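What the coordinates show
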Amino acid sequence: VMANLGKPKENYVVIAGIGCSSRFPYYMETYGFHTIHGRAPAFVSGLKATRPELSVWMVTGDGDGLSIGGNHLIHLLRRNIDVNVMMFNNRIYGLTKGQYSPTSKQGTKTKSSPMGSIDAPFNPIQLALGAQSAWVARSIDVFAAHLREVLTAADGHKGTSFIEIYQNCIIFNDKAFGDITDKQYREEKVLYLKNGEPLAWGAEGERKGLIQSGFALEIVDANTDEEIARCLLHDTGNRILAQLLADFDGHDGTPLPIGVFYDKPRATYDSQFNEQVAESRKKLGPGDIE
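Only a predicted model underlies this, so the values are computations on that prediction, with no experimental measurement involved. (Residues numbered from 1 in each chain as written. Predicted model: local features only at pLDDT ≥ 70, side-chain atom pairs only at ≥ 80, totals over all residues. Heavy atoms only, no water.)

**Some remarks on the overall build of the protein chain**
When helices and strands are counted, the protein chain shows 11 helices and 11 strands. Its C-alpha atoms give the protein chain principal-axis dimensions of roughly 70 × 45 × 35 Å. Residues classed as buried in the protein chain amount to 47% of the 290 residues present. Taking all contacts inside the protein chain whose residues are at least 6 apart in sequence as the whole, residues at least 24 apart take part in 61%. Per element, the accessible surface of the protein chain, about 14800 Å² overall, is 53% carbon and sulfur. Where the 30 positive side-chain charges of the protein chain centre and where its 34 negative ones centre are 6 Å apart. (Helix = DSSP H or I, 4+ residues; strand = E, 2+ residues; numbered from the N terminus. Buried < 20%, exposed > 50% of the residue type's maximum accessible area, 1.4 Å probe, protein only. Contact = heavy atoms within 4.5 Å. Areas by Shrake-Rupley, 256 points an atom, 1.4 Å probe, with all protein chains shown as cover. Lys, Arg positive; Asp, Glu negative; His and termini not counted. Charge placed at Lys NZ, Arg CZ, Asp CG, Glu CD.)

Structure, rendered in structure tokens:
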């Protein structure tokens, strides 16, 4: 994706915290930092505020970003700093050898929860929407074409882009998403979100769709033109619709939505910050160390 965006590689910076996800800067021939557990948002905030011309990408995991780094992440999202956040969600702590994480399902048996986790897991999409993120999306590691499409769209958004990426950990949580991502299940369970298109999914003759039912979404058949016509159209500018879609997880008859949930541009923190700096220099001069 980065190679195809037409920017010099020295204009990219990849910043990560701690974890398997955070080895990412080492795999890239760009500038980058491997920083402190959960604190990557502080580094990307400072860098983007002082070097706004750079393309800054933050890599985090469900443990790094939602546990020790949770407070940092929500403030990065609400401030709307112009960075792209890739959150690799494998529902496990991988680097520390398999403890349950903030996104592990209830009942998950691990080294730190031998009788099964009793924690209610975070929903990263709902968390990002609640933190006032202006651009929220999801993709999956093995859906390469879709992931490229989502990352390219994230780069085109001016502001914080939050992308949850379902990622399999073959060592400590293998097949965590297999009941959705394996090829025999994809058609019946994956809902591709495309702005302005019907919210429908499934194989021919077995298609389902979503309609509005009061303050909720209802699943209906969507096999005929008439049935498809009554389905809701996806609207990336509708935060309430995004929140309702985020409730679906591919289980209990619901689909798993992937793609852009929400896209509502607003002023970025770094642009406003630099406007204030420029204005103060006009009034006060360049200043000195004293």
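**Some details on the packing of aromatic side chains**
Under the counting rule described, the total for this entry stands at four aromatic pairs. Between Y269 and F273 the ring centres are 6.3 Å apart and the planes differ by 10°, which places this aromatic pair in the stacked class. Of this pair, Y269 and F273 both sit in helix 11 (residues 269–284), separated by four residues, roughly a single helical turn. Taking NZ or CZ as reference, R23 lies 4.4 Å from the ring centre of Y26, over its face. (Phe/Tyr/Trp six-rings, centres within 6.5 Å; stacked < 30°, edge-to-face > 60°. Lys NZ or Arg CZ within 6 Å of the ring centre and 35° of its normal.)

**Regarding the sheet that holds strand 6 (residues 161–166)**
The strand order 2-1-3-4-6-5-11-7 describes an open sheet built from eight strands, whose pairing is mixed. Each end of this open sheet is capped by a strand with a single partner; those strands are strand 2 (31–34) and strand 7 (190–193). Here the strands of the sheet are splayed against their neighbours by 20° on average, with no regard to which way each runs. (Pairing = 2+ DSSP bridges. Axes fitted to C-alpha atoms, helices over the stretch in contact; angles between N-to-C directions.)

**A few points about the sheet that holds strand 8 (residues 200–201)**
Here we have three strands laid out as an open sheet, ordered 8-9-10, and antiparallel in their pairing. In the strand order of this sheet, the two ends are held by strand 8 and strand 10 (216–221), each with one partner. Pairing of strand 9 (residues 208–213) with strand 10, which is carried by six bridges, proceeds in the antiparallel orientation. Bridge pairing in strand 10 places Q212 opposite L217.

**Some thoughts on the pattern of salt bridges**
Tallying each qualifying case throughout the model produces eight salt bridges. Residue R138 is joined to E164 by a salt bridge in which the shortest nitrogen-to-oxygen separation is 2.9 Å. Of the two residues, R138 sits in strand 5 (residues 135–140) while E164 sits in strand 6, which places them 26 residues apart along the sequence. Residue R138 shares its accessibility class with E164, and that shared class is buried. Residues joined by salt bridges that share partners form a network here, namely K48, D82 and K158. (Salt bridge = Lys/Arg side-chain N within 4 Å of Asp/Glu carboxyl O.)

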